[in-house]
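# Structural characterization, general
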Amino acid sequence: MTTPDYPFVITWRELRTQAEARLRDADALRPDTEARWMVERVSGYEGAELVLNEQERATTEARQHLDDMLERRLGGEPLQYVLGRWDFLGLDLLVDRRVLVPRPETEVVAQTAIEEAERLGARRGKHDGWLAADTSYVVADLGTGSGAIALALARELPDAEVWATDVSDDALAVARANVAGIGSGATRVRLHAGSWYEALPAELRGRLRVIVANPPYIAEHEVPDLPRDVVEWEPRGALVSGPTGLEALEVLIADAPAWLDPAGGALVLELAPHQAERALELAAAAGFVEARVDRDLVGRARMLVARVPGKSPGEPDA
């Protein structure tokens, strides 16, 4: 690879202008934004800091790093992997090819899981880092990937013990790195390897307040229709469920009632819009007393929310 010659690029501002031009020539959708994020990464300045220091001279090392990032991006690699980190509900997460790119629709799934825990009486807010990690209930993020959902739960539910599982050792390595970066909440996160409920210890059976997952839900015949940067870069096992696309959803829904607290628990699953009706049928067959499909930020059916028998705090007995 040949390093471009930047004879007149001496400041962060000029470096960003050069990067934006290269991205625009390659028909990037948001060349200005991507260029800014890349320069923020190589400079160490973020947001207003970059503006305040944009006339500072860019180092040779930063220029080489930026060029490497641009080559990767122009080669089709997702921006999130190029940057190496991505925001998920305010969490700065390590992401690479071992895990899925965190997406806005999954943020909605995480927020819904937190709201379900709160509905069932969970306290929401920041954990006091000076106190021991006392936990009064358990939640589980199955197929955790980068750990995004699990870490969002741990941050927002200070009394929760959070189990994060994945069948991929590579994914768990990424999740482990992200857990280490969240501070005191890390003491309440348990990482385990295994497929879905098989990864959980038997003593958690019937004790989970919330089960949440972003499982693979793409059918094998749908793969050719996926965007190139998804098919060629993201882990196939986290995307493709099998011939129907329902394989993982079927297991997660059918077995959930046995793992949820019978006094009140909820299952929250991400799914594809065309799977909504079938997911509701599966929830009814599994014995859930209430189930609905919520929509994402752009109005598409995106997540199943299913509840086992139980009552919310303060609700009178029948």
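Note: the structure precedes this text.
Residues numbered from 1 in each chain as written. Predicted model: local features only at pLDDT ≥ 70, side-chain atom pairs only at ≥ 80, totals over all residues. Heavy atoms only, no water.

Okay, the side chain of Glu105 next. In this structure, Glu105 sits in helix 6 (residues 104–119). There is no salt bridge for the buried Glu105, and the closest opposite charge comes from Arg300, which lies 4.5 Å off by N-O distance. Contact partners of Glu105, with chain neighbours within four places excluded, come to Glu270, Asp296 and Arg302. (Helix = DSSP H or I, 4+ residues; strand = E, 2+ residues; numbered from the N terminus. Buried < 20%, exposed > 50% of the residue type's maximum accessible area, 1.4 Å probe, protein only. Lys, Arg positive; Asp, Glu negative; His and termini not counted. Salt bridge = Lys/Arg side-chain N within 4 Å of Asp/Glu carboxyl O. Contact = heavy atoms within 4.5 Å.)

Turning next to the pattern of salt bridges. Taken as a whole, this structure holds 23 salt bridges when the rule is applied. For Glu281, the salt bridge is made with Arg278, and the minimal N-O distance between the two is 3.1 Å. Of this pair, Glu281 and Arg278 both sit in helix 12 (residues 276–286), separated by 3 residues, roughly a single helical turn. Overall, the relative accessible area of 40% leaves Glu281 in the partly exposed class. With a relative accessible area of 36%, Arg278 lands in the partly exposed category.

Next up on the list: the packing of aromatic side chains. Under the defined criterion, the tally for this structure stands at 2 aromatic pairs. With 5.3 Å between their ring centres and 85° between their planes, Trp37 and Trp86 make a pair best called edge-to-face. Here the residue Trp37 occupies a position in helix 2 (residues 31–43), and Trp86 occupies one in strand 1 (residues 85–88), the gap between them amounting to 49 residues. Given a relative accessible area of 22%, Trp37 falls into the partly exposed group. (Phe/Tyr/Trp six-rings, centres within 6.5 Å; stacked < 30°, edge-to-face > 60°.)

All right, on to helix 11 (residues 247–259) then. Its 13 residues place the ends of helix 11 19 Å apart at the C-alpha level, agreeing with the 18 Å of an ideal helix rising 1.5 Å per residue. If you check which residues of helix 11 are buried, you get Ala248, Leu249, Leu252, Ile253, Ala256 and Trp259. (Expected span 1.5 Å × (residues − 1).)

A separate point is helix 7 (residues 148–156). Buried residues dominate helix 7, accounting for 8 of its 9 residues. Within helix 7, the full set of buried residues consists of Ala148, Ile149, Ala150, Leu151, Ala152, Leu153, Ala154 and Glu156.

A few words now on the side chain of Glu156. The residue Glu156 is located in helix 7 in this model. Given the relative accessible area of 16%, Glu156 is considered buried. Reaching out from Glu156, the side chain makes a polar contact with the side chain of Arg155 at a distance of 3.3 Å. When sequence neighbours within four positions are dropped, the list of residues in contact with Glu156 reads Ile114, Arg123, Arg124, Gly125 and Lys126. (Polar contact = N/O pair within 3.5 Å; in protein donor to acceptor, adjacent residues only side chain to side chain.)

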